[in-house]
Amino acid sequence: MIKHLSSIITRIKDFCYNQTIIYALTMGAIAAALLFAWVLSDGESVAFVYNEF
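1. Side note on the overall build of the chain
Of regular secondary structure, the chain possesses three helices and zero strands. Per-residue burial over the chain gives 2% buried out of 53 residues. Here the chain has roughly 5,100 Å² of accessible surface; of this, 71% comes from carbon and sulfur atoms.

Now the structure itself:
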């Protein structure tokens, strides 16, 4: 079952990497989600992570 799921994920990943527009949209959505989370957060959680390391 895990091998089958891994195979499906690999096929989806390869398809997205081969289709430039899908790859660009995916990276844009990830960047937008990170920016949105940063804008809504108070910023202290990021400082906390940096202070721990």
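Next comes the rest of the description.
2. Description of the confidence of the model for the chain
Mean pLDDT over the chain: 78, with 77% of residues reaching 70 or higher. Per-element mean pLDDT across the chain ranges from 58 in helix H3 (residues 44–52) up to 85 in helix H2 (residues 20–40).

3. Side note on the packing of helix H1 (residues 2–18) against H2
Where H1 meets H2, the axes come as close as 5 Å, and the angle between the chain directions of the two elements is 100°. For the element pair H1 / H2, the angle class is roughly perpendicular. Within the contact between the two elements, H1 uses Phe15, Cys16, Tyr17 and Asn18 and H2 uses Thr20, Ile22 and Tyr23. Considered class by class, the residues forming the contact of H1 with H2 number five nonpolar, two polar and no charged.

4. Describing a nonpolar patch on the surface
Among the surface-exposed residues, Tyr17, Tyr23, Met27, Ile30 and Leu34 lie close enough to one another that they form a single nonpolar patch of about 510 Å² accessible area. Classification of Leu34 by relative accessible area gives exposed; the value is 59%.

Analysis parameters
Within each chain, residues carry numbers counting from 1 in the order of the written sequence. It should be noted that, the model being predicted, local features are given only for residues of pLDDT at least 70 and side-chain atom pairs only at 80 or more, the latter also being counted only at that level, while totals for whole chains, interfaces and linings use all residues. Just so you know, side-chain values use all the structure's heavy atoms and leave hydrogens and water out. Here a helix means four or more residues in a row that DSSP labels H or I, a strand means two or more in a row labelled E, and each is numbered from the N terminus. Each residue's exposure class comes from its accessible area (1.4 Å probe, protein chains only) as a fraction of the maximum for that residue type: buried when under 20%, exposed when over 50%, partly exposed otherwise. Each accessible area is a Shrake-Rupley result for a 1.4 Å probe, and residues are judged covered by the shown protein chains and nothing else. What pLDDT conveys is the predictor's confidence in a given residue, as a value from 0 to 100. Axis definition: a line fit to C-alpha positions, over the contact stretch in the case of helices; interaxial angles, taken between N-to-C directions, run 0 to 180 degrees. By the definition adopted for this analysis, an angle is roughly parallel if under 35 degrees, roughly antiparallel if over 145, roughly perpendicular if from 65 to 115, and oblique otherwise. The contact definition used throughout considers only heavy atoms, calling two residues in contact when any of these lie within 4.5 Å. Three categories are distinguished: nonpolar for Ala, Val, Leu, Ile, Met, Phe, Trp, Tyr, Cys and Pro, charged for Asp, Glu, Lys and Arg, and polar for the others, with Gly belonging to the last. What goes into a patch is any residue over 30% in relative accessible area without a salt bridge, connected to like charges within 9 Å or, for nonpolar side chains (Val, Leu, Ile, Met, Phe, Trp, Tyr), within 5 Å. Note on definitions: salt bridges are taken to be side-chain nitrogens of Lys or Arg within 4 Å of carboxyl oxygens of Asp or Glu.

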